[in-house]
Structures are given as structure tokens and as C-alpha cells.
Amino acid sequence: MSGAAMRDIWMAATARLQEAGIDDARFEAEVLLRHVSDRSRARFYAYLEDVLTPEQEAAFEAAIERRLQREPVAYITGRREFYKLDIHVTPDVLIPRPESELLVETALTHLRDQRVRRARVVDVGTGSGAIGLAILRGRRDARLLGIDVSAAALRVARHNARRLTPRRRHDWLQGDLLTPLRGPLECVVANLPYVPEAAVAGLAPEIRRYEPRAAVTPGTTGVELILRLVTQLGTRLAPGGIAVLEIDPGLAREVSAAARRLLGPAQVDVLSDLSGEPRAVKIVAG
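We now turn to the structure provided with this report.

Reading the values: the criteria
- Residues numbered from 1 in each chain as written.
- Predicted model: local features only at pLDDT ≥ 70, side-chain atom pairs only at ≥ 80, totals over all residues.
- Heavy atoms only, no water.
- Helix = DSSP H or I, 4+ residues; strand = E, 2+ residues; numbered from the N terminus.
- Expected span 1.5 Å × (residues − 1).
- Buried < 20%, exposed > 50% of the residue type's maximum accessible area, 1.4 Å probe, protein only.
- Core = buried A, V, L, I, M, F, W, Y, C linked by side-chain atoms within 4.5 Å.
- Pairing = 2+ DSSP bridges.
- Axes fitted to C-alpha atoms, helices over the stretch in contact; angles between N-to-C directions.
- Contact = heavy atoms within 4.5 Å.
- Salt bridge = Lys/Arg side-chain N within 4 Å of Asp/Glu carboxyl O.
- 1 Å grid on protein atoms, 1.4 Å probe; cavity = no way out; pocket = protein on both sides within 12 Å on 5 of 7 lines; lining within 4 Å.
- Points joined across faces, edges and corners; volume = space filled by probe spheres on them.
- Nonpolar A, V, L, I, M, F, W, Y, C, P; charged D, E, K, R; others polar.

Here the focus is helix α6 (residues 101-113). Here α6 is 13 residues long and its end C-alpha atoms lie 18 Å apart, about the 18 Å a rise of 1.5 Å per residue gives. What α6 keeps buried is the set Leu102, Leu103, Val104, Thr106, Ala107, Leu108, His110 and Leu111. The first or second residue beyond α6 is Arg115, which carries a positive phi of 55°.

Now the structure itself:
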């Protein structure tokens, strides 16, 4: 045991992460140190002169080594905050990202403005369940249906549902897009894989090496699964029902044009994220 104060261990780890070229090194070292010491942020900052136990120091060193190998912090800690929910994550699921909160906000706004009651909210490619569970938290009368092709991902989603919304109505189905369901559906959200296969090599190592490849790329063009889902919406989305599909900014024109062509009188809009990039296609059935 080094006997060094937490402050000194934190600063030394920050320097190591910075040397490795990791962004937000100070914050990430803090998150990992709080994780192994099981401290809130307030308690962490109040007791920076405390000394870790030998077990905690060994666990922190192991966590830093994993991060130096570019393993994402969320997989090391097993958690990621999303829409104020503490989401459990494993390497079987994509790590929830702030950009996807746009889907939650858009769906909740539509359901409120249209005064939709007892909506079936379908989260396609649910992964950890983060998007659907965030909507369910905001709509006590809704029923969530999470769909994924991965049985391992559905185990993570079910775990999150038991932790976060134990008294709400939710079901988890293994299947291909909307194939397990019939309409009419009042609300569909989807963050499907959309990175073209040729672009995977250029992704950050955290994504390329660690996140499930099937959740990152659907194939050659990146738009394959999204277009299949749009086609399925034609027979399943209820009149006035909403679908919000996360997209790569470069796919906005293709996906929105396909939705207008395939869904007739539907209202189709491209939504931008906080950085101004096209991030989702919103479809409201006519």
C-alpha cells in the first residue's frame, strides 16, 4: 500500500491518462476513483486526504490499466447516466449517449401534446433499455415493449427495468425490428446501428474495440436496418402515431426521403441535436 492520499493518487492517475491522450482525463480518473471507493462526488471532494485501503488501491490501479487500454469507463464501472437514470451497462450493449436523449424528449412531447393515453411505446434495438425506460419514467400510464435481436442485451434491459421501473408495465421481446408486433402502435423509438462498415476502422478505439459491432454497424451503407424499419412502420404505426429514429447526420436526407416516399401522408421532419447536427428523423403518421 502506498499510503498516499486520494488527492495524490487522483492527480497521478490523471497524468497517466493525459499522457495516453485520453480526453477528460481528470474527470475520468475521478469517476474511477469514486467507483472503487464507493463515494458520492460530494464525499469524494470533502475527504480528498483520506487513504484508500489496499484492496481499493489495487482495484483503482486495475481500473486505470483497463482505461489505458482504451476500455470505456462505462464498461469498467458498469454504469452510465442517461436522462437522469443510472443505467447498468455491459459489453453486450451499446453505451447510452446524450444525443439519444433527443428521442426521449421528442416522444414525451408528442405524447403530452396529443394527449395520448396508455400508449404502447416500442423501443426497437433496445440494448440496455435506456431510451424506452426514460420514456416510461415520464409516462406512468404507458406500456413499454423493448425489442432486440440479442438475448444478452435483453438480459441487461430486463435488469435495468427491475431496478428503475419495478412497478411499471414493460415486456421484452427477442426479434427482428417490428416483426414480433402488430399495430397500431402509438410510439416507436429506435437507435439502430448506422455506421457504414467502411467507417468502422476510423472510429475511436473505445467504440471499435469494445462496443458490440452488431450495435454499431448494420452493413455496407449504414442505412439498411433503418430503411427496413421505415417500411415496417407503414403497416404498424397508428394514425397520429410517432416514430423517432436516430440517424447519422449524413443519412438525414436519405432516410427522410424514404419515409416520405414509403409512408404517404406522414409528416416527416429532421431534428438536430444540441450541436446543430441532424440527429433524428421524426415521423408522424397521417
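A few words on the nonpolar core. Ranked by size, the top nonpolar core spans 39 residues in total, and within it Leu133, Ile135 and Val189 carry the most contacts. The set of elements that each furnish at least two residues to this core consists of α5 (73-77), β2 (85-88), α6, α7 (130-138), α8 (151-164), β6 (185-190), β7 (237-246) and β9 (278-284). In this structure, Ile147, Val188, Leu192 and Leu251 belong to the second largest nonpolar core, which totals 34 residues.

Once that is clear, we can look at the sheet that holds β7. Reading across the sheet, the seven strands line up as β5-β4-β3-β6-β7-β9-β8 and stay open at both edges, with mixed pairing between neighbours. At either end of the open sheet lies a strand with only one pairing partner, and these are β5 (169-174) and β8 (267-272). With strand direction ignored, the average angle separating the axes of adjacent strands in the sheet is 15°. Taken together, the five bridges between strand β3 (residues 120-124) and strand β4 (residues 143-148) define a ladder with parallel strand orientation. By the bridge assignment, Val122 is partnered in β4 with Leu145. Its contacts with the sheet place α8 against β4 and β5, and it is angled at close to 170° to β5. Sheet strands in contact with helix α11 (residues 224-236) are β3, β6, β7 and β9, and its direction is about 170° off that of β7.

Another point: the pattern of salt bridges. A complete count under the given rule lists 18 salt bridges for this structure. Measuring nitrogen to oxygen at the nearest pair gives 2.7 Å for the salt bridge that ties Glu71 to Arg66. Given a relative accessible area of 34%, Arg66 falls into the partly exposed group. With a shortest N-O distance of 3.4 Å, Arg112 and Asp113 are connected by a salt bridge. Residues joined in a network through salt bridges with shared partners are Glu28, Arg67, Arg70 and Glu206.

Volume-wise, the second largest pocket comes out at about 190 Å³. Taken together, Pro98, Glu99, Glu101, Leu102, Glu105, Ser272, Asp273, Leu274 and Ser275 make up the lining of the second largest pocket. For the lining of the second largest pocket, the element with the highest residue contribution is α6, accounting for three residues. The residue inventory of the lining of the second largest pocket, partitioned by class, reads three nonpolar, two polar and four charged.

This part takes up the pairing of strand β1 (residues 79-82). In terms of strand pairing, β1 meets β2 through four bridges, oriented antiparallel. Paired with Arg80 across the bridge in β2 is Ile87. Connecting β1 to the next strand, β2, in antiparallel fashion are two residues, including Tyr83 with a positive phi near 50°.

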